[in-house]
Structures are given as C-alpha cells and as structure tokens.
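The chain contents come next:
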Amino acid sequence: NAGVTQTPKFQVLKTGQSMTLQCAQDMNHNSMYWYRQDPGMGLRLIYYSASEGTTDKGEVPNGYNVSRLNKREFSLRLESAAPSQTSVYFCASSERVAGSPGELFFGEGSRLTVL
Amino acid sequence: AQSVTQLGSHVSVSEGALVLLRCNYSSSVPPYLFWYVQYPNQGLQLLLKYTSAATLVKGINGFEAEFKKSETSFHLTKPSAHMSDAAEYFCAVQIPGRRALTFGSGTRLQVQP
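Here is what the cut-offs are and how they apply
- Residues numbered from 1 in each chain as written.
- Chains lettered and ligands numbered in written order.
- Predicted model: local features only at pLDDT ≥ 70, side-chain atom pairs only at ≥ 80, totals over all residues.
- Heavy atoms only, no water.
- Helix = DSSP H or I, 4+ residues; strand = E, 2+ residues; numbered from the N terminus.
- Rg over C-alpha atoms; globule rule 2.2 N^0.38 Å.
- Buried < 20%, exposed > 50% of the residue type's maximum accessible area, 1.4 Å probe, protein only.
- Contact = heavy atoms within 4.5 Å.
- Areas by Shrake-Rupley, 256 points an atom, 1.4 Å probe, with all protein chains shown as cover.
- Lys, Arg positive; Asp, Glu negative; His and termini not counted.
- Charge placed at Lys NZ, Arg CZ, Asp CG, Glu CD.
- Disulfide = S-S within 2.5 Å.
- Polar contact = N/O pair within 3.5 Å; in protein donor to acceptor, adjacent residues only side chain to side chain.
- Pairing = 2+ DSSP bridges.
- Axes fitted to C-alpha atoms, helices over the stretch in contact; angles between N-to-C directions.

Tell me about the overall build of chain A, and name the residues and values.
Secondary structure summary: chain A contains zero helices and 11 strands in total. Reading the secondary structure of chain A in the N-to-C direction produces β-β-β-β-β-β-β-β-β-β-β. Taken over C-alpha atoms, the radius of gyration comes to 14 Å for chain A, in line with the 13 Å a tight globule of 115 residues would show. By its C-alpha atoms, chain A is 45 × 30 × 25 Å across when sized along the principal axes. For chain A, the proportion of its 115 residues judged to be buried stands at 48%. Restricting to contacts in chain A with at least 6 residues of sequence separation, those with at least 24 account for 54%. About 5,400 Å² of surface is accessible on chain A, with carbon and sulfur atoms providing 48% of the total. Of note, chain A has its 11 positive side-chain charges centred 6 Å away from the centre of its 10 negative side-chain charges.

Next comes the structure, spelled out in structure tokens:
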C-alpha cells in the first residue's frame, strides 16, 4: 500500500543544474500537488493539477515547471537550480468528495540542496 | 484570499499535561479548516478537519479542535500529552470549491517526560 511515492529522497545540485522530481500515487486520485517546505514558513504550493491534462500555478511557481504525465504521475522540474530552491519538496494527492474537501495524502518528501 | 496564523513556533508541555496549539484564520468566505501533523522525516498526515457541520471536531490520537467564528480561531487541543505526540503541527485553510490549501508556518510540539 504505497500511497504517494517520491523520488529521489535526497539530491545535491550545483547552481544552474537541472533536475526532475518524480511523484506517483496509487490511490486513483484526480488531484495532485507540489509543495515546498521551508523553516518557519510552513508549506507553500508550487503547482497543482486538478485532473489529468491540467496544471495550475500555486503561490510560488517561479523557477519550476510541472508535467502531469498521466493520472498517476506528476513531476516537478527545476530547469536552472538556484540556492533559493534549497528546500524539502512534498508531493500530495487528493480526491474531492461531494460537499466535503478531500484529504491530502503526502509523500515522504524530497530534500534538495543547491550549492 | 485566505491566510492562517499559528501562534508559537515551539510549544513544550509535560507528559500528561494539556496540549493547546493556537490557530487563527482569515477568509473572505466560510472556510474549511484542517490540522495536519508531521512526524520527523515524514510527510504530513491529516489529524482532523472542519467542514461547517459540528463546530467541535474530533480527530485521531485524542486530538480535537473547536471552530469559533467570532474569534476566527481553530485551536487544537488534547487533554493529556503523550511522548508520541511530539511532532510538528500545521493548521490549514481552504476556500470551498478551490483545490489549494493554505498552510500556517507550523508549531513544533515537544513533550517532556
């Protein structure tokens, strides 16, 4: 019962390098999200995908791109990494229930350091 | 627009003592409210949620929260702290009909033996 799986768990990049964070969920959820977590700032939404084929910007999208590859997978790409992107990244998924908000299910996080 | 303020980035209690974690929200419409917990090196998991039904919401692990519209608050409580409650707790708000949640900055709970 994997839930939400993120890879890699740890990554160190040099400024200017690119990388992709992968996320997959096995709960058949329509909505998927990418958040970043920084000390004292809680979680901030980078991008989300309400359903397969759609993506929308969140609170802090600059410097990132996303791809909703299929219903299961939602990837986050850093084209040219900057030290300000050093953070812990969380992928989450949810399914809306009529009349009630869906619960967010989170992966274990990907810790990224940009030197 | 919506926002969440969590008062106190760190709270320390003794085992067996009352836990009170504070959350105040701002929202242009009646919101959904949530408390999530994060254990070390893990993702967040839902503790409880308020969806405009009962104002007192019971969650997992003995936690509960009360929605007070007049105070725009949604404080989290537990009558008796356990060592296993040590974690970081996040309050979050969502506008009904919208996908995204807005999280507070978190409160780290320490439980002393």
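Having put the structure on the table, let's press on.
How would you summarise the overall build of chain B if you had to cite specific residues and measurements?
For chain B, the count of helices and strands is zero helices and 11 strands. Of the regular secondary structure in chain B, the N- to C-terminal order runs β-β-β-β-β-β-β-β-β-β-β. Put simply, chain B has 113 residues, and 45% of those count as buried. Surface accessibility of chain B: about 5,300 Å² in total, with carbon and sulfur atoms responsible for 51%. For chain B, the centre of its 9 positive side-chain charges and the centre of its 6 negative side-chain charges are spaced 10 Å apart.

So what about the state of the cysteines? Which residues, and what values?
One pass over the structure, following the stated rule, counts two disulfides over all chains. Bridging C23(A) to C91(A), the disulfide has an S-S length of 1.9 Å. Residues C23(A) and C91(A) share a disulfide whose torsion about the S-S bond is about -75°; that sign makes it left-handed. In this pair, C23(A) sits in strand β3 (residues 19-25) while C91(A) sits in strand β9 (residues 87-94), placing the two residues 68 residues apart along the sequence. Assigned by exposure class, C23(A) and C91(A) land together as buried. Covalent S-S linkage joins C23(B) and C91(B), the inter-sulfur distance amounting to 2.0 Å. Looking along the S-S bond of the C23(B)-C91(B) disulfide, the torsion reads about -65°, which is the left-handed sense. Of this pair, C23(B) sits in strand β3 (residues 19-26) while C91(B) is found in strand β9 (residues 87-94), placing the two residues 68 residues apart along the sequence. For C23(B), a relative accessible area of 0% puts it in the buried group.

Explain unusual backbone geometry to me, using residue names and the numbers behind them.
Between T7(A) and the following residue, P8(A), the backbone shows a cis peptide bond with an omega angle of -10°. Following the sequence through the fold, P8(A) ends up in the loop between β1 (4-7) and β2 (10-13). Phi is positive for N61(B), close to 60°, though the residue is something other than glycine. Summarising the element assignment, N61(B) is placed in the loop between β6 (56-58) and β7 (64-68).

Now, about the environment of T15(A): what can you tell me, with residues and values included?
Residue and element names in this part refer to chain A. Here T15 shows up in the loop between β2 and β3. The class of T15 is partly exposed, set by a relative accessible area of 48%. Ignoring anything within four residues of it in the chain, the contact list for T15 reads A81, P83, V114 and L115. Of note is the side chain of T15, whose polar atom sits 2.6 Å from the backbone oxygen of L115.

Give a description of the sheet that holds strand β8 (residues 74-78) of chain A that names residues and reports values.
Residue and element names in this part refer to chain A. Here four strands make up an open sheet; going across it, the order is β1-β3-β8-β7 and the pairing antiparallel. Bordering the open sheet on either side are β1 and β7 (64-68), each of which pairs with just one other strand. Sheet twist, expressed as the average angle between the axes of neighbouring strands with direction ignored, equals 15°. Bridge analysis of β7 against β8 gives five bridges, and the strand direction is antiparallel. Of the residues in β8, the one forming a bridge with R68 is F74.

Shape is all these values report; function is a separate question.
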